Amino acid sequence: MDDIRYAERVVSAAEVKIAASRVQVFYGLNHALKDVDVEILGKTVTAFIGPSGCGKSTFLRCLNRMNDTIPGCRIEGRITLDGHDIYDPRVDPVQLRAKVGMVFQKPNPFPKSIYDNVAYGPRIHGLARSKAEIDEIVETALRRAALWEEVKDRLAAPGTGLSGGQQQRLCIARAIATSPEVLLMDEPCSALDPIATAQIEELIDELRTQFSVVIVTHSMQQAARVSQRTAFFHLGRLVEYGETGQIFTNPHDPRTESYISGRIG
Amino acid sequence: MTDATAPEAAPPEPGSLFAPDARTRRRNAAERRFRAYGLGAVILSILALVLLLTSVIGNGAGAFRQTFIAIPVTLDAAIVDPRGNRDIEEMKKVTTIGYGRQLEASMVAAVAAAGLQSEGISDKDIAGLLSKEAAAGLRNRVLADPELVGQTVEVRALANGRVDGFFKGRVTMESAALDSNITPEQLVLAQRLREAGLITIAFNPQFLFGPDASELRPEAAGLGVAILGSAYMMFIVLVLALPIGVAASIYLEEFAPKNRWTDLIEVNISNLAAVPSIVFGILGLAIFINFMGLPQSAPIVGGLVLTLMTLPTIIIATRASLKAVPPSIRDAALGVGASKMQAIFHHVLPLAMPGILTGTIIGLAQALGETAPLLLIGMVAFVREFPAAPPEGFFDPASALPVQVFNFTQRADPAFVERASGAIIVLLVFLVAMNTVAIILRRRFERRW
Amino acid sequence: MSLGILVLAVLILAAAGFLAGRRRAISSAGGDPRRLHSLPGHYGQFAALLTAVPALALLAVWLMAQPMVIEQRVASLLPAGDASTSSLVMADVRRISTGLQRLAVTDGLSPRDVAGLSPEGLAPRLRAVGVAVTSMGPETLAAARAHRDLQDRLGFWMVVSVLATSAAGLGLALARIRPDFRARNTTERFVMVILIAASLVAVATTVGIVMSLLFETMNFFRLYPAQDFFLSLTWNPQFRGGSDLGIWPLLWGTMYISFIALLVAVPIGLLTAIYLAEYAGARARSWAKPAIEILAGIPTIVYGLFALVTVGPALRDWFAQPLGLGASSSSVMTAGLVMGIMLIPFISSLSDDIINAVPQSLRDGSYGLGATHSETVKQVILPAALPGIVGAILLGASRAIGETMIVVLGAGAAAKLSLNPFEAMTTVTVKIVSQLTGDTEFASPETLVAFALGLTLFAITLVLNVIALFIVRKYREQYE
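Residues numbered from 1 in each chain as written. Chains lettered and ligands numbered in written order. Predicted model: local features only at pLDDT ≥ 70, side-chain atom pairs only at ≥ 80, totals over all residues. Heavy atoms only, no water.

For chain C, the name recorded in an unreviewed UniProt entry is Phosphate transport system permease protein, with Cereibacter azotoformans as its organism. Under Function (unreviewed entry), UniProt gives the following word-for-word description of chain C: "Part of the binding-protein-dependent transport system for phosphate; probably responsible for the translocation of the substrate across the membrane." (UniProt positions renumbered as here; feature names shortened; annotations may be inferred.)

The name given to chain B in an unreviewed UniProt entry is Phosphate transport system permease protein PstA, and the organism recorded there is Cereibacter azotoformans. As recorded by UniProt, the Sequence similarities (unreviewed entry) comment attached to chain B reads in full: "Belongs to the binding-protein-dependent transport system permease family. CysTW subfamily."

Draft legend 1. Representation of the overall build of chain C. From N to C terminus, chain C includes 17 helices and two strands. Its C-alpha atoms give chain C a radius of gyration of 31 Å, more than 25% over the compact-globule value 23 Å for 480 residues. Projected onto the principal axes, the alpha-carbon positions of chain C cover approximately 85 × 75 × 40 Å. Within chain C, the proportion of its 480 residues that are buried is 49%. Considering only contacts in chain C between residues 6 or more positions apart, those separated by 24 or more positions represent 74%. (Helix = DSSP H or I, 4+ residues; strand = E, 2+ residues; numbered from the N terminus. Rg over C-alpha atoms; globule rule 2.2 N^0.38 Å. Buried < 20%, exposed > 50% of the residue type's maximum accessible area, 1.4 Å probe, protein only. Contact = heavy atoms within 4.5 Å.)

Draft legend 2. Local environment of the overall build of chain B. In terms of helices and strands, chain B carries 19 helices and three strands. For 449 residues, the compact-globule estimate of 2.2 N^0.38 gives 22 Å, and chain B exceeds it by more than 25% at 31 Å. C-alpha extents for chain B along the principal axes are approximately 100 × 70 × 40 Å. Out of the 449 residues in chain B, the part that is buried amounts to 53%. Roughly 19,500 Å² of accessible area belongs to chain B as shown, and the carbon and sulfur atoms make up 62% of that amount. (Areas by Shrake-Rupley, 256 points an atom, 1.4 Å probe, with all protein chains shown as cover.)

Draft legend 3. The arrangement of the pairing of strand S8 (residues 212-216) of chain A in detail. Residue and element names in this part refer to chain A. Of all five residues making up S8, five are buried, and the element is well covered by its neighbours. The side-chain alternation of S8 yields two buried faces, one formed by Ser212, Val214 and Val216 and the other by Val213 and Ile215. Examined bridge by bridge, strand S3 (residues 45-49) and S8 share four bridges and lie parallel to one another. Residue pairing across strands places Ala47 opposite Ile215, the latter belonging to S8. Examined bridge by bridge, strand S7 (residues 182-186) and S8 share five bridges and lie parallel to one another. Within S8, the residue paired with Val182 across the bridge is Ser212. Handedness of the crossover is the feature at issue here: the chain leaves S7, passes through helix H7 (residues 194-207), returns alongside S8, and the resulting connection is right-handed. (Pairing = 2+ DSSP bridges. Right-handed = clockwise from strand over helix to strand, strands pointing away.)

Draft legend 4. Region of interest: the domain arrangement of chain B. Residues and elements named next belong to chain B. Segmenting chain B into domains produces domain 1 (64-203) and domain 2 (224-445). In this complex, domain 1 contributes seven residues to the contact, which on the side of domain 2 involves nine residues. When the two sides are added together, the surface that domain 1 and domain 2 hide from each other amounts to roughly 550 Å², 43% of it contributed by carbon and sulfur. If you sort the residues of domain 1 by the area they bury against domain 2, Phe64, Arg162 and Arg170 come out on top, with a joint share of 67%. One can count four salt bridges joining domain 1 with domain 2. (Domains from an automatic or database assignment. Buried area = accessible area lost by both parts, 1.4 Å probe. Salt bridge = Lys/Arg side-chain N within 4 Å of Asp/Glu carboxyl O.)

Draft legend 5. Expanded view of the interface of chain A and chain C. Tallying the contact residues gives 22 residues for chain A and 17 residues for chain C. Taking both sides of the interface into account, the surface hidden between chain A and chain C amounts to around 1,600 Å²; carbon and sulfur atoms contribute 64%. Among the residues chain A hides against chain C, the three largest losses belong to A:Pro111, A:Tyr120 and A:Ile124. Together they make up 31% of the total. On the surface where chain A and chain C come into contact, there are one salt bridge. Residues A:Arg61 and C:Asp364 are paired through a salt bridge, measuring 3.8 Å at the closest nitrogen-oxygen approach. Put simply, chain A and chain C have four residue pairs in polar contact (both at pLDDT 80 or more) between them. Those elements that provide at least two residues to the side of chain A that touches chain C are helix H2 (93-99), strand S6 (100-103), helix H3 (114-125) and helix H6 (164-176) of chain A. Residues that form the side of chain A that touches chain C fall into these classes: 12 nonpolar, six polar and four charged. (Polar contact = N/O pair within 3.5 Å; in protein donor to acceptor, adjacent residues only side chain to side chain. Nonpolar A, V, L, I, M, F, W, Y, C, P; charged D, E, K, R; others polar.)

Draft legend 6. Representation of the interface of chain B and chain C. Taken together, the contact between chain B and chain C spans 84 residues of the former and 81 residues of the latter. Note on chain B versus chain C: buried area summed over both sides is about 7,100 Å², and carbon and sulfur give 76% of it. Contact with chain C buries area across many residues of chain B, yet B:Phe34, B:Leu52 and B:Ile282 alone supply 9% of it, more than any other trio. On inspection of chain B and its partner chain C, the count reaches three salt bridges. Our enumeration of links across chain B and chain C arrives at 13 residue pairs in polar contact (both at pLDDT 80 or more). Considering each element in turn, the side of chain B that touches chain C owes the most residues, 20 residues, to helix H1 (residues 22-60) of chain B. Across the side of chain B that touches chain C, the residue classes break down as 58 nonpolar, 18 polar and eight charged.

Draft legend 7. Looking closely at the packing of aromatic side chains. Under the criterion given, the structure shown has 22 aromatic pairs over all chains. Taking the centre distance of 5.0 Å and the plane angle of 70 degrees together, the rings of A:Phe110 and A:Tyr120 count as edge-to-face. Of this pair, A:Phe110 sits in the loop between S6 and H3 while A:Tyr120 sits in helix H3, and the two are 10 residues apart along the sequence. Judged by relative accessible area, A:Phe110 falls into the buried class, the value being 0%. Put simply, the rings of C:Phe220, C:Phe221, C:Tyr224, C:Phe229 and C:Phe230 touch in pairs and so form one group of aromatic residues. Directly above the ring of B:Phe416 sits B:Arg411, whose terminal nitrogen or CZ lies 4.9 Å from the centroid. (Phe/Tyr/Trp six-rings, centres within 6.5 Å; stacked < 30°, edge-to-face > 60°. Lys NZ or Arg CZ within 6 Å of the ring centre and 35° of its normal.)

Draft legend 8. A look at the pairing of S7(A). All names here are of chain A. Across the five residues of S7, five count as buried, placing the element largely inside the fold. Burial along S7 is two-sided: Val182, Leu184 and Asp186 and Leu183 and Met185, pointing in opposite directions, are all buried. Here S6 pairs with S7 via four bridges, running parallel. By the bridge assignment, Val103 is partnered in S7 with Met185.

Draft legend 9. Quick peek at the packing of helix H16 (residues 340-369) of chain B against helix H19 (residues 415-445) of chain B. Residues and elements named next belong to chain B. Packing of H16 against H19 leaves a shortest axis separation of 9 Å and a crossing angle of 165 degrees. One finds that H16 runs roughly antiparallel with respect to H19. Viewed along their axes, H16 and H19 form a crossing whose handedness is left-handed. Every residue of H19 that contacts H16 at Pro354, Leu357, Thr358, Ile361, Ile362, Leu364, Ala365 and Leu368 is listed here: Leu427, Phe430, Leu431, Met434, Asn435, Val437, Ala438, Leu441, Arg442 and Phe445. In terms of residue class, the contact of H16 with H19 is built from 15 nonpolar, two polar and one charged. (Axes fitted to C-alpha atoms, helices over the stretch in contact; angles between N-to-C directions. Parallel < 35°, antiparallel > 145°, perpendicular 65-115°, else oblique. Left-handed = near helix turned anticlockwise from the far one by under 90°.)

Given below as structure tokens:
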């Protein structure tokens, strides 16, 4: 595991952004997630790793209530954002998702122009007073997503015409255009080639200055490269959670060690 | 959705999660409105269809029950068998007019016996309560059994359509006053006869099994010929369309090379499925009747036209179910050395069968309800004789259920509206039964790979 | 020998062929099926196919050709007249021929008796066996006799040749059966030919439609100038010729009614589809979808009666008369409204499929940004599904334009160019029905115009269908 390049471990103000305690998720009769306790810190990249089907994506989707859209899904326990319970009946998931944005496994640009893709969020949330402001938001988001230089001349072209890596950066731009506080990424690089993956990883590291990023990944190397904190999930349970360096070099739990050394998973 | 002038457009403050801002409230209101539009549309369409069905069923339910008059009739040998030798050929010479006179006398006698004889109503009007079909019915009965001559038989005959309409609320005293076919006095008498038990309202099997009747006798009109004609046509469609459709689908789905030509066949089939049905009627008229000289109004022509119309439906359904059988099944069969033909006929086709049958039943149901093409091939003709047994009967004139409905609507007497709606009820019962079978087949045998 | 018995005989022969072929194969291999190239059953199938298929094909061709041959022969016996009268005479000849046949059966006449029948007094006898004849001269009777003779003779030869073909096929098949004969391959090639022939039926149907429409339309344009048909603004057929047969009033009625129908059906059908696909629960969907399919299967005659009996009078009494817009219960509004109701399930079930084909990832993307459900539907799903929905609407339009029974019963018969939706107007399909079921003779422009109308209808719907199918296909490929 010596070839793994570790991200800088400068965890600034360790303020807790999202806190989850005793979270259970059921799909119908299937108990998919058991007793998960996690505290996600602000301005930090947190990686969820684990074998497929371990519940890491399920947990990620709990954090902005995307599981609400799946019929038959039931969630117990408590998840707070800045101390507010996001499953409180008074909370509107629509408002929550504006604060907790999400990027998906497969790039899913809308069949609209690049501009309209990015402007969609600000428009529905009413974040701009004028066309000029939207233009500005779009440009900023695209610049932050490191896509501006490539698409500035063809903002009216359909987003579906971009390459896979560009599409995924477009989706990131679309997510950050609503200025969320947390950005959830569900295996954002699994459909991309290595070069596009490297670009996205670089981008994630930059995004850390503004957002709290939570990334689900299949690749331990990627988790080691981009994250400051890592959580290991196995069979619907959170096995171990801590500093990335500690998880990869000195795991406390034997299951974590087995997974990292490639014996299970 | 852009609301450029909204004052609260600033990013929501932290902690506002519990208190939706004005914009979110507006968006949620829009959400609820949209959802209400959708629900409204669903309710509106259900309402329209409920209205349709209640209108048809409300109008048509009465067709199954009919007003009957029961009277004893003495069959005077001097009239029905003037030579007195009980020879059928001789007795056939007595027309329905003779039997009509017998019925008239018996009616008058029956009314008198019930003590209902009233002033100002002629014998002819009393007999007019009976259907004009009654005499023919009595004649047939006597010819079938000459021993009845001279005896007194109990006759249960249909009442005149207006009398029937009076008991069903279609004819009123006011309308009767303006009607040349019935007088208010007759209706008063009919009401008394009903109270006396001579007139009853009961289930009328003749509506389902009897032939059509002329414009002046709505009470006697039945669907027998139409149901039989439709059954003949459905048989022809099933026998021709199912094998041809399945064979064509197997070729197109499993063997045909993917090139321009098969692409054209494919577009052609999809287009045929959407060609207006009346165009198929023109085809039938031009090719089957004018060119090939097949008889008009015959189930064979109707069946052929409907076969051509149903083929695309069956082909599309069959191809979909062939496509749904996973390639692994074919590979497995080919792997043990079966020929491609064997793989398809032994493994793929049986697995696709439920889907094929479902598609076939749905296609048949469509064909059963089709009217327009049948109008053009002459099935509007007034047909009273039942077609012979198949296969010769396929060439005899017949009617069809939906065309019979159309025929009824073209007649002046409002009593035929009830008949038309009743015929639709029969048609819908068949359709619902067929569709239910199709749905059950699909539910039971549907396989997810 | 009747047709049914003939077919049955061929089938029995084929069954016998199957058994004989199988037995012969086994015995030729000395009782050891392993020495055969194919399974014994394949040899049986080979014999059965060769016995039945050529014979039945011959029978089908014969049945189609026989009436044509007879008519041609008989027509030469008749005095030459113009096309229309000769077709009437020919109809009489056919009827008399049938009548003679029945007379021969009921009265037990020998062929000589039939030959000796004279035209006088024959009409009542024919009527007694259910054949009504309008006029009968000696020529017609002679022609009818010739007709019947030919029919009898050809019928006899048909039976003989079909059975001979069948037997020859059986003999040929049995002669070819040897252990090294590749029965399976031959059978499969045979079956392949049958499969290809079946797939050509659909093509033949289209060719038949186009040919019959084109042929009679050309006849029509020989009798009536094409520019008048396409450019005249009046439709006024006369029984005695001199008609105005301009298509525009009919096209206007068709388009007006279809427009109203789509105006009703598209919003309601689309919203219904959206509600069912996006909002309704799984249980509601599981009964609503089959219900909609059944509703889409209600025959149009039912809607036609609904228009005639319920909607028409209601619109007249509640809207048209109070507003002073007309007193007719059949109107553009009646037909359009009812046709709209008919199209609701059609549009909604097509749109439902299309909305469900929009990938879930797009919905997730929109929800992930904090869009509400309706914002997702309106701004992401509908734009993504737009091509498919346009295709569905075009198919709906094609259906509306070609719909017949609703307009026959609901729209009226007066060809008019008017804007008042409460006035009775008529459509292309209504006129096709009325011109082809009317009493005018077939070879007159008043009847033949129906084919020109049919061709126009076919052309319009063909364009709409092909565009719609193309769009929908492209749309499906996009998300596959």
